[in-house]
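# Geometric and topological summary
Residue strings, one per chain:
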Amino acid sequence: MQAQYLDAGDLRWPWVAAAAVVGFAALSVTSPLTVLGGAAAVVFIGLGVFRNPHHRVVGAAIVSVGVGLMVPGLPALLLHGVNSL
């Protein structure tokens, strides 16, 4: 059995967009580091689910949510880091 890798075609772009909106809202409540930490945890969980051949669609959706949360979190963390210098 050949392994199937997760690539950009597997991401669910509406889920990415919706998670980015949620990420922007989360930045007003928490720190950028918290948002990125949560997003990284969601991506790792999604990758674990994606490895199972029967749950690839669900795993891709979970990874899409994690990537969407990273979209607003990474620039905010970079700006926060630059401002701390």
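Look a little higher up for the structure.
The text that follows walks through the structure, step by step, so that each part is easy to find. (Residues numbered from 1 in each chain as written. Predicted model: local features only at pLDDT ≥ 70, side-chain atom pairs only at ≥ 80, totals over all residues. Heavy atoms only, no water.)

## With respect to the environment of W15
What counts here: Going along the chain from the N terminus, every DSSP run of H or I of four or more residues is numbered as a helix, and every run of E of two or more is numbered as a strand. For every residue, the accessible area obtained with a 1.4 Å probe (protein chains only) is divided by the maximum for its type, and the residue is called buried under 20%, exposed over 50%, and partly exposed between those limits. We call two residues in contact when some of their heavy atoms are within 4.5 Å.
Looking at where W15 falls in the secondary structure, it is placed in helix 1 (residues 13-27). Residue W15 is classed as partly exposed on the basis of its relative accessible area of 49%. C-alpha separation for the pair W15 and V29, spaced 14 residues apart in sequence, amounts to 21 Å. Sequence-distant contacts of W15, that is, excluding residues within four places in its chain, are made with S64 and V65.

## A few points about helix 3 (residues 56-83)
As a reminder, the rule being used: The span you would expect from a helix comes to 1.5 Å times its residue count less one. What is called the bend at a residue is the angle between a pair of axes, fitted to the seven residues leading up to and ending at it and to the seven starting from it.
The terminal C-alpha atoms of helix 3 lie 40 Å apart, and with 28 residues this matches the ideal 40 Å at 1.5 Å per residue to within 8%. In the structure, helix 3 departs most strongly from a straight axis at V71, where the bend amounts to approximately 30 degrees and where the proline P72 lies between one and four residues downstream. Within helix 3, burial applies to R56, G59, A60, A61, V63, S64, G66, G68, L69, P72 and G73.

## Brief notes about helix 1
How we decide: What the arc describes is the spread of directions from the helix axis to the C-beta atoms.
If you check helix 1, its first and last C-alpha atoms are 21 Å apart, about what 15 residues at 1.5 Å a residue would give, namely 21 Å. Listing the buried residues of helix 1 in full gives V16, A19, A20 and G23. Buried positions in helix 1, seen along its axis, are confined to an arc of 110 degrees and lie on one side of it. Exposed residues pointing more than 90 degrees away from the buried face of helix 1 are listed as P14, V21, V22 and F24. Summarising the contacts, the buried residues of helix 1 are in contact with helix 3.

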